[in-house]
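Descriptive analysis of the structure
Chain residues, written in single-letter form:
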Amino acid sequence: FAGAARRHIEILQDLDAVVWEADASSLAFSFVSRRSEEILGLAPEEWLRRFPAWGDHIHPEDRDMALALCRGDSGQGKDFALDYRCVNDRGETVWVRDSVRTLPGPDGIPEQLRGIMLDVTERKLSDVAMQQGQERLALVGRIAEQARGKSTADVVSVALEELAEARKALEK
């Protein structure tokens, strides 16, 4: 039995994800797997010291949304998944997908949260690049539509107007 338990722990630790457990009411972590070191640059012991509760590791701009979803869904006994940003130990933004299982206690009230956190940074960056490409293509299409039958000077004027509008939209 001890050999099987050790094998399960090895499998858990070798997954390309952070496996974690936290208390459902306090959100205090009780376990973080060693992949936390690869994904966020923190060994499990350091993670538990620096981020004692679920949500402490989340990027400030995403924290309120993530905590509201976590508290709402887990408080109702629901499992949930969400994407959010963290900042790793080198100060870089890391996108993660956290899939969370809510486990009830004997009284049916949520007692434990268990999750698996995957690094989805490359997928998110690809999504952003694709969206930017689609926006550029739409911009070119608008310019081409407005430029039909116009002089070169008019086409340049239309292009500059469209670029100015696109820049304003990005600044919002």
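Residues numbered from 1 in each chain as written. Predicted model: local features only at pLDDT ≥ 70, side-chain atom pairs only at ≥ 80, totals over all residues. Heavy atoms only, no water.

Before going further, it helps to spend a moment on the sheet that holds strand S4 (residues 93-104). Across the sheet, five strands lie side by side as S2-S1-S5-S4-S3; this open sheet has antiparallel pairing. At either end of the open sheet lies a strand with only one pairing partner, and these are strand S2 (29-32) and strand S3 (80-87). Averaged over neighbouring strand pairs, the angle between their axes works out to 25° when direction is ignored. As paired elements, strand S1 (residues 18-23) and strand S5 (residues 110-119) share six bridges and run antiparallel to each other. Each bridged residue has a counterpart across the sheet, and for Val18 the counterpart in S5 is Met117. Against the sheet, helix H4 (residues 60-75) touches S3, S4 and S5, its axis set at about 155° to S3. Packed on one face of the sheet, helix H5 (residues 121-147) meets S3, S4 and S5 and runs near 120° to S4. (Pairing = 2+ DSSP bridges. Helix = DSSP H or I, 4+ residues; strand = E, 2+ residues; numbered from the N terminus. Axes fitted to C-alpha atoms, helices over the stretch in contact; angles between N-to-C directions. Contact = heavy atoms within 4.5 Å.)

Within the secondary structure, Val158 sits in helix H6 (residues 152-171). Beyond its immediate chain neighbours, meaning those up to four positions away, Val158 contacts Ile143, Gln146 and Lys150.

Moving on, we get to the side chain of Asp83. As for its placement among the helices and strands, Asp83 is situated in strand S3. The class of Asp83 is buried, set by a relative accessible area of 18%. Polar side-chain contacts of Asp83 include one of 2.8 Å to the side chain of Arg123. A polar atom in the side chain of Asp83 sits 3.3 Å from the side chain of Lys124. Not counting residues within four places of it along the chain, the set of residues in contact with Asp83 comprises Met65, Trp95, Val96, Arg97, Arg123 and Lys124. (Buried < 20%, exposed > 50% of the residue type's maximum accessible area, 1.4 Å probe, protein only. Polar contact = N/O pair within 3.5 Å; in protein donor to acceptor, adjacent residues only side chain to side chain.)

The subject of this paragraph is the packing of aromatic side chains. Under the counting rule described, the total for this entry stands at three aromatic pairs. Ring geometry for Trp20 versus Phe29: centroids 5.7 Å apart, planes at 90°, classification edge-to-face. A relative accessible area of 2% places Trp20 in the buried class. Residue classification places Phe29 among the buried positions, given a relative accessible area of 10%. A centroid spacing of 5.7 Å and a plane angle of 80° characterise the contact between Phe29 and Trp47, whose relative ring orientation is edge-to-face. In this pair, Phe29 sits in strand S2 while Trp47 sits in helix H3 (residues 44-50), placing the two residues 18 residues apart along the sequence. Each member of the pair Phe29 and Trp47 is classed as buried. Taken together, Trp20, Phe29, Trp47 and Phe51 form an aromatic cluster joined through their ring pairs. In this structure, Lys124 packs its charged tip against the face of Trp95, placed 4.7 Å from the ring centre. (Phe/Tyr/Trp six-rings, centres within 6.5 Å; stacked < 30°, edge-to-face > 60°. Lys NZ or Arg CZ within 6 Å of the ring centre and 35° of its normal.)

What follows deals with unusual backbone geometry. Look at Leu27: it is not a glycine, yet its phi comes out positive at around 65°. Take Leu27: it is sitting in the loop between S1 and S2. Of the residues examined, Leu27 reaches a relative accessible area of 1% and is grouped as buried.

Now for the confidence of the model for the protein chain. On average, residues of the protein chain score 85 in pLDDT, and 95% of them are at 70 or above. Per-residue pLDDT, averaged within each element of the protein chain, yields its smallest value for helix H1 (residues 2-14) (70) and its largest for S4 (95). (pLDDT = per-residue confidence, 0-100.)

Glancing now at the nonpolar core. Counting 27 residues, the largest nonpolar core has Trp20, Trp47, Trp54 and Tyr84 as its most contacted members. Of all elements in the fold, only S1, S2, helix H2 (36-40), H4, S3, S4 and S5 reach the threshold of two or more residues within this core. Apart from the residues lying within four places of it in its own chain, the contact partners of Trp20 are Phe29, Phe31, Val32, Trp54, Asp98, Val100, Leu113, Arg114, Gly115, Ile116 and Met117. (Core = buried A, V, L, I, M, F, W, Y, C linked by side-chain atoms within 4.5 Å.)

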